[in-house]
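Coordinate inspection notes
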Amino acid sequence: MDSTQACTEGFQESLVAYLYDECDKTERERVTIHVARCAACAGELEALRSVRGVLDLWEAPEPTLGFRLVADRDRLAPWWRRMLEPSWGLAAAAGLVLVVAVAIVSVEVRFDPNGVVLRMGWEDRSATSVSTSLEPADPMTGVSVDGRVPWHADLDRLEDELRDVFTREFLPASVTSAEADRSALLLEIQRLIEESERRQQQEVAVWFTEFAREFDMQRRADQQRFQQDLGALEGVTDYLVRVSQR
Amino acid sequence: MCRTDEELVALAAAGDTNAFNQLVVRWERPIYTLAFRVLGREEDARDICQEAFLRAFRGLKGFKGQARFSSWVYRIALNLCRDWLRREKRATVVQPSEGFDLNEQGIVDPISETVEDLIVRRDLGRAVSKVMATLPVEQRTVIILKEYHGLTFREIAELVGCPLSTVKTRLYQGLSILRRHLAESGLKGLSAGRQVVAYPQPIVREQ
């Protein structure tokens, strides 16, 4: 390729692509051949390389970042999930158990001339009712005529279901992965702290050296000024001596 | 266990803030350094960085994986930087760095480098940042994305929304201006290169 043709503005793009090694084989060969023949372009390429070398010296300061997102769970979670939060969930579960238990045993409290009547169970009421004088009935009186305890099995089933729900909702399935993430985060934080400490030590060393350098420069300047003033004073003294000797 | 960005994005989109925080830990520094180099101000760079991640989190539902997560956040941060410069009508401020990361580029061995070397590097770094601040923001952005973030020409073109050839031209012009200004500022060891005709005038003025 003719040198004049190559050194057009279009060649600048090829030169930059060559500089950053982002050109195809054909273009690379074209630039290599041209640069070998054209001193101007060879100099230009060398100049661009040296600028790149200097650019490495500009380093960004070490920031103190560390901002993190904190989930606003009340806003993000759906209402049913919010209801399963530990405090809400436990309260709701306790209430639910109470309601279900009351429903199952069908508690009925009645005042009559014989005293307080407390009746439980859904079987034949006459069979399960007990009349006492302000004495609460034995919970086991909910036993039906045929001797079955109908609500025990329901309560057990309910308890199992609640346990399942709590296990699912409050114990995350990915405990292991969460722990791994946490340990990775801790390692990262530890690395950052160590880096920061090392950097601070370097900074202190740099600061002291700069201070010593400036102090030394100031001392030299003062010394020089002092010597100049002394020289001037000596000149004046000589003049005065000479004048007085006349 | 180290999850990929895509996996973390999927988890975060499902409401896992911890997953998103892992993405923040992974990408906050590159985003911050990008904003710092474009704006030249530490505080504002930090704000931009935080805002970029907040916007990313809010927009997770709409992010369908059409680009990499990092490219997406880069784009958000660059738009925020552009808005900041436009809104504030401020020029990039050359702010002397109080600290810098020696290992960022992996070119400095902190054990073998003396304190004097560090000081020389710091002085030179300040000179470079000062000269970079004089570049037009388009050229500066392209140089930053290429030099400090290692993006390809194509990635840069997609990020800044311009043709591939424009990226190369901006890079060439920016580097040429830098070379001239650095040589004028007395930095030794720079090759003279060729005189580039008709340099574009920097539109960003120092305050």
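Quick notes on the rules
Residues numbered from 1 in each chain as written. Chains lettered and ligands numbered in written order. Predicted model: local features only at pLDDT ≥ 70, side-chain atom pairs only at ≥ 80, totals over all residues. Helix = DSSP H or I, 4+ residues; strand = E, 2+ residues; numbered from the N terminus. Contact = placed C-beta atoms within 7 Å. Buried ≥ 20, exposed ≤ 12 C-beta atoms within 10 Å, placed from the backbone. Axes fitted to C-alpha atoms, helices over the stretch in contact; angles between N-to-C directions. Parallel < 35°, antiparallel > 145°, perpendicular 65-115°, else oblique. Nonpolar A, V, L, I, M, F, W, Y, C, P; charged D, E, K, R; others polar. Core = buried A, V, L, I, M, F, W, Y, C linked by C-beta atoms within 7 Å. pLDDT = per-residue confidence, 0-100. Left-handed = near helix turned anticlockwise from the far one by under 90°.

Secondary structure assignment for chain B yields eight helices and zero strands. When its helices and strands are written in sequence order, chain B yields α-α-α-α-α-α-α-α. For chain B, long-range pairs separated by at least 24 residues make up 68% of all intrachain contacts whose partners lie at least 6 apart in sequence.

As a further point, take the overall build of chain A. Looking only at helices and strands, chain A features 10 helices and three strands. Shown N-terminal to C-terminal, the secondary structure of chain A runs as helices and strands in the order α-α-α-α-α-α-α-β-β-α-β-α-α. A burial count over chain A gives 13% of its 246 residues as buried. Contacts in chain A between residues far apart in sequence, at least 24 positions, make up 31% of those at least 6 positions apart.

As a packed pair, helix α4 (residues 39–55) of chain A and helix α8 (residues 164–184) of chain B sit with axes 9 Å apart at the nearest point and diverge in direction by 75°. When the axes of α4(A) and α8(B) are compared, the pair comes out roughly perpendicular. Contact residues: A:Ala47, A:Leu48, A:Val51 and A:Val54 in α4(A); B:Leu175, B:Leu178, B:Arg179 and B:Leu182 in α8(B). The class makeup of the residues in the contact of α4(A) with α8(B) is seven nonpolar, no polar and one charged.

One finds A:Leu15, B:Ile31, B:Ala35, B:Cys49, B:Ala52, B:Val73 and B:Ala77 to be the most contacted residues of the largest nonpolar core, which totals 66 residues. Setting aside residues up to four positions removed in sequence, B:Ala52 forms contacts with B:Ile31, B:Val73, B:Ile76, B:Ala77 and B:Leu80.

Moving on: the confidence of the model for chain B. Residues and elements named next belong to chain B. Averaged over every residue, the pLDDT of chain B is 79; the share at 70 or more is 77%. Helix α5 (residues 115–132) is the least confidently modelled element of chain B, averaging 81 in pLDDT, while helix α6 (residues 137–147) averages 94, the highest of any element. The low-confidence segment residues 96–110, where pLDDT is below 50, has 26 contacts with residues more than four positions distant or belonging to other chains. In the predicted assembly, ipTM is 0.73 and pTM is 0.55.

A separate point is the packing of α6(B) against helix α7 (residues 153–160) of chain B. Residues and elements named next belong to chain B. Orientation of α6 relative to α7, taken along the N-to-C sense of each, is 135°, at an axis distance of 10 Å. Compared by their axis directions, α6 and α7 come out oblique. You can see that α6 and α7 cross each other, and the crossing is right-handed. Where α6 approaches α7, its residues Thr141, Val142, Leu145 and Lys146 are matched on the opposing element by Ile156, Leu159 and Val160. Within the contact of α6 with α7, the residues separate by chemical class into five nonpolar, one polar and one charged.

Listed per partner, the contact involves 60 residues of chain B and 46 residues of chain A. When residues of the side of chain B that touches chain A are traced back to their parent elements, those giving at least two are α2 (17–39), α3 (42–58), α5, α6 and α8 of chain B. Ranked by the residues each element gives to the side of chain B that touches chain A, the list is headed by α2(B), at 12 residues. Counted by class, the side of chain B that touches chain A contains 28 nonpolar, 18 polar and 14 charged residues.

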